[in-house]
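These are the residues of each chain, in order.
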Amino acid sequence: MPRYVIHLPVAITDLAEALDLARTLARSLAFTPQVDLGGTTVSAEDAQHVRHWVFCDRIMPDRRRCAREADHVGACLPNDDP
């Protein structure tokens, strides 16, 4: 069965602010099973092939994903979503 990806352009001039907004938007939609938080990325408008990961997304020992920011310092924390 085909799947479709929604691209929702949001223009922000600062990478850190774009990552923060992407994190907030993704978490606000996390209750819907169609949203893949781990796949959330940010890219420059004129270099969309270069993506910055928003979440760490490492698989934890209990098979849940890490809920922290990408490239975080310190141990991963499990995502409490089922």
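From a predicted model like this one, the values you see are computed outputs, not experimental measurements.

Q: Before we move on, could you go through unusual backbone geometry and cite the residues and values that matter?
A: Even without being glycine, aspartate 71 reaches a positive phi, approximately 60°. Note that aspartate 71 resides in the segment after strand E2 (47-53).

Q: Tell me about the nonpolar core, and please be specific about residues and values.
A: By size, the foremost hydrophobic cluster in this structure holds 8 residues: Ala18, Leu19, Ala22, Ala26, Leu37, Val42, Val54 and Phe55. Dropping the residues within four chain positions of it, alanine 26 is found in contact with Val35, Leu37, Thr40 and Phe55.

Q: Any chance you could break down a nonpolar patch on the surface for me, citing the residues and the numbers?
A: Nonpolar side chains collect at one region of the surface, where Ile6, Leu8, Val10, Ile12, Leu21 and Leu25 lie side by side and expose about 570 Å² of accessible area between them. Structurally, isoleucine 12 can be placed in the segment before helix H1 (15-28).

Q: Any details on the pattern of salt bridges? Residues and values, ideally.
A: Going through the model one piece at a time under the given rule, you end up with 2 salt bridges. A salt bridge links aspartate 20 to arginine 23; the nearest nitrogen and oxygen atoms lie 2.8 Å apart. Note that aspartate 20 and arginine 23 are positioned in helix H1 at a spacing of 3 residues, about one turn of the helix. The class for arginine 23 is buried, based on a relative accessible area of 8%. With its nearest N and O atoms 3.8 Å apart, the salt bridge here joins glutamate 69 to arginine 23. Of this pair, glutamate 69 sits in the segment after E2 while arginine 23 sits in helix H1, placing them 46 residues apart in sequence. Overall, glutamate 69 belongs to the partly exposed group, its relative accessible area being 42%. Members of the salt-bridge network, linked through shared partners, are Asp20, Arg23 and Glu69.

Cut-offs used in this document
Residues numbered from 1 in each chain as written. Predicted model: local features only at pLDDT ≥ 70, side-chain atom pairs only at ≥ 80, totals over all residues. Heavy atoms only, no water. Helix = DSSP H or I, 4+ residues; strand = E, 2+ residues; numbered from the N terminus. Core = buried A, V, L, I, M, F, W, Y, C linked by side-chain atoms within 4.5 Å. Buried < 20%, exposed > 50% of the residue type's maximum accessible area, 1.4 Å probe, protein only. Contact = heavy atoms within 4.5 Å. Patch = residues over 30% accessible without salt bridge, like charges linked within 9 Å, V, L, I, M, F, W, Y side chains within 5 Å. Areas by Shrake-Rupley, 256 points an atom, 1.4 Å probe, with all protein chains shown as cover. Salt bridge = Lys/Arg side-chain N within 4 Å of Asp/Glu carboxyl O.

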